[in-house]
Amino acid sequence: MSLYAIHQYHIEIEKPTHYGATNNEMSVRNTFCRLLDYYAYSRDLKLVPEVSIKTKAGKIIRPDGTLKDMLRLDHGYWESKDRKDDINDEIRKKLNKGYPFENTLFEDSITAILFQNNTEVLRVPMSDGEESGQIE
C-alpha cells in the first residue's frame, strides 16, 4: 500500500475528532474503510460493508466489511472498533459470537491486528506510514 494513502488516512482520521469532538467507531470507521477499499481495489477486490454471514451455529453476524471478488467469494473480513474499546476484549467477544477468523483484520485507529487461520499473525501500531513501513 502506498505511503501516500497511509499518510492521507492519518490526516483524515483526525478530522472527526477535530470537527465533531468525537472519535467513536461510527465517526472514524469510514476513514479506514476508504483506506482498505483503496488497498482492495489494487487487487481486484471490493470492500462490501455489513454483509450478513451465517455462522456454523446458525447465528447471523455482520462484519463491518467483507472483501469480495467479482465472483462474490469472500477473501477477508474487517472489524472496526473505537479508541475507547479494549480491542482485545472486543476480539474475544467476536470470537465467542462465531465471527470468522480465517483472514480478519481488527482495528481501532490505534492498533491493527490480523488473524489468519484462527491465529493472530500481525499486530501493528497504526502510526504514520513512514514509521510503520510500507504495507504490501
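Because the structure is a prediction, the values reported are computed rather than measured.

**Description of the overall build of the chain**
Summing up its helical and strand segments, the chain has five helices and eight strands in all. In the chain, the succession of helices and strands from N to C terminus is α-α-α-β-β-β-β-β-α-β-β-β-α. Within the chain, the proportion of its 136 residues that are buried is 40%. Considering only intrachain contacts with a sequence separation of at least 6, the fraction spanning at least 24 residues in the chain is 41%.

**Re the nonpolar core**
Of all hydrophobic cores here, the largest spans 12 residues; its members are Phe-32, Leu-35, Leu-36, Ala-40, Leu-45, Leu-47, Leu-67, Trp-78, Leu-105, Ala-112, Leu-114 and Met-126. Only α3 (25-41) and β7 (111-116) provide two or more residues apiece to this core. Examining the composition of this core, we find that four residues originate from one element, α3, more than from any other. If sequence neighbours within four positions are ignored, Leu-47 has contacts with Cys-33, Leu-36, Asp-37, Ala-40, Gly-65, Thr-66, Leu-67 and Trp-78.

What counts, and where the lines are drawn
- Counting from 1, residues in each chain are numbered in the order their sequence is written.
- Local features in a predicted model are, by the rule used here, given only for residues with pLDDT of at least 70; side-chain atom pairs are given and counted only at 80 or more, and totals for whole chains, interfaces and linings are based on all residues.
- Computation of side-chain values: all heavy atoms of the structure, hydrogens and water removed.
- Strands here are runs of E lasting at least two residues and helices are runs of H or I lasting at least four, both read from the DSSP assignment and numbered beginning at the N terminus.
- For each residue, the accessible area found with a 1.4 Å probe, counting protein chains only, is set against the maximum for its type, and the residue is called buried under 20%, exposed over 50%, and partly exposed in between.
- Residues are treated as being in contact if the distance between any of their heavy atoms lies within 4.5 Å.
- For the purposes of this section, nonpolar cores are sets of buried Ala, Val, Leu, Ile, Met, Phe, Trp, Tyr and Cys residues that join through side-chain atoms within 4.5 Å.

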